[in-house]
Amino acid sequence: RVFGFGGTGFFASRPTVQYAPLRGEEFVQRLLAPISLEKVILLYRSGWSLGRVFNLTVQRLNGVRNVFRAGGLMPEEPEKYREFLRVLSLLRALEDREQIDFVYEKLSPEDVGRVALRVEPAAWNDPLARELATRLGLRPGLRRYPLISPTTQDRPEQGLESIMVETRSLYSAMFLLSHGVEVTDEDLSGGRAAMAGYASEGFLAWRGLLQTIFRVRSTPLPPAGAAVTVRYRDRWFSIDDAEIGRA
């Protein structure tokens, strides 16, 4: 229920379980609504790696764009999105050094609370922290940078004291994950699977990029060492055991 995506249920001592899944307008709204910042940080605090959580749920950080949106064709130029990957790399490196953390805090008992990036004072002696501030346009030297939702107000390119986070919807995250599924050339050329520019160098670069988040292998025979396996149209789709613990 991290994304508030489910339904209602009822259980009694009799051997009967009733479950009413969401449907209609409420189902569509929960599927298409942006994931809240609180739920993004909840995933992070529950043990998911910072890189995987932000790659999957965040579309933009202070104007630095992640990969394509749901429903759009795959871009042909993955290089323009590598700045987002560099930002994630910096965040992870600083997190490993215990110099930053994402926290949920209240400034007063009456405060509704906010999510913020907390930075240790010693972090500003690290060139990685200064590079992160430059890439996100942050004013260096602060202890906290609140995470805020997108706004239509003009913001300067440098000297910011907050981080504007545009999150994906659950549908958009699922669309992104779908590109980590291996498909055969036969399925692509036959139109059974759609992938813009799949024969180009751009597609090969995107496949390598997306499979760092999620990868479903496709083989003609049952695979060995798979955590999950599904047979579909005479092929076996699986997630390898090694993928479960990969960051």
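### A short note on the overall build of the protein chain
Scanning the protein chain from terminus to terminus reveals nine helices and 11 strands. A separation of at least 24 residues holds for 54% of the contacts in the protein chain among residues at least 6 apart in sequence. When the accessible surface of the protein chain is totalled, it reaches about 14500 Å², and 54% of it is carbon and sulfur.

### Brief notes about the sheet that holds strand S4 (residues 64-65)
Within a beta sheet, neighbouring strands are joined by backbone hydrogen bonds and run either parallel or antiparallel to one another. The six strands are arranged S4-S3-S8-S7-S6-S5 in an open sheet whose pairing can be described as mixed. The open sheet has two free edges, formed respectively by S4 and strand S5 (100-105), since each of these has just one partner strand. Strand direction decides the pairing type here: S5 and strand S6 (residues 114-119), joined by six bridges, are antiparallel. Within the sheet, the bridge partner assigned to isoleucine 100 lies in S6 and is valine 119.

### Examining the sheet that holds strand S9 (residues 217-219)
Spatial ordering of the open sheet is given by S9-S11-S10, a layout of three strands whose pairing is antiparallel. Whereas interior strands pair on both sides, the edge strands pair on one side only; in this sheet they are S9 and strand S10 (226-232). With direction set aside, neighbouring strand axes in the sheet form an average angle of 25°. Here six bridges tie S10 to strand S11 (residues 235-240), and the two strands are oriented antiparallel to one another. Of the residues in S11, the one forming a bridge with valine 228 is isoleucine 239.

### Considerations on the packing of helix H1 (residues 24-32) against helix H6 (residues 170-178)
Running from amino to carboxyl end, H1 crosses H6 at an angle of 60°, the nearest separation of the two axes being 5 Å. Between H1 and H6, the angle falls in the class oblique. On the side of H1, the interface is formed by Arg30, Leu31 and Leu32, while H6 contributes Leu170, Tyr171 and Met174. Residues that form the contact of H1 with H6 fall into these classes: five nonpolar, no polar and one charged.

### Notes on the pattern of salt bridges
If you walk through the whole model with that rule in mind, you get 12 salt bridges. In this structure, the salt-bridge partner of glutamate 131 is arginine 135, at a minimum N-O distance of 2.8 Å. Of this pair, glutamate 131 and arginine 135 both sit in helix H5 (residues 127-136), four residues apart, roughly one helical turn. Here glutamate 161 and arginine 139 are joined by a salt bridge, their closest N and O atoms 2.6 Å apart.

### Quick look at the confidence of the model for the protein chain
Confidence along the protein chain averages 80 in pLDDT terms, with 76% of residues attaining 70 or more. No element of the protein chain has a lower mean pLDDT than strand S1 (residues 7-11), which averages 55, and none a higher one than H5, which averages 96.

Reading the values: the criteria
Residues numbered from 1 in each chain as written. Predicted model: local features only at pLDDT ≥ 70, side-chain atom pairs only at ≥ 80, totals over all residues. Heavy atoms only, no water. Helix = DSSP H or I, 4+ residues; strand = E, 2+ residues; numbered from the N terminus. Contact = heavy atoms within 4.5 Å. Areas by Shrake-Rupley, 256 points an atom, 1.4 Å probe, with all protein chains shown as cover. Pairing = 2+ DSSP bridges. Axes fitted to C-alpha atoms, helices over the stretch in contact; angles between N-to-C directions. Parallel < 35°, antiparallel > 145°, perpendicular 65-115°, else oblique. Nonpolar A, V, L, I, M, F, W, Y, C, P; charged D, E, K, R; others polar. Salt bridge = Lys/Arg side-chain N within 4 Å of Asp/Glu carboxyl O. pLDDT = per-residue confidence, 0-100.

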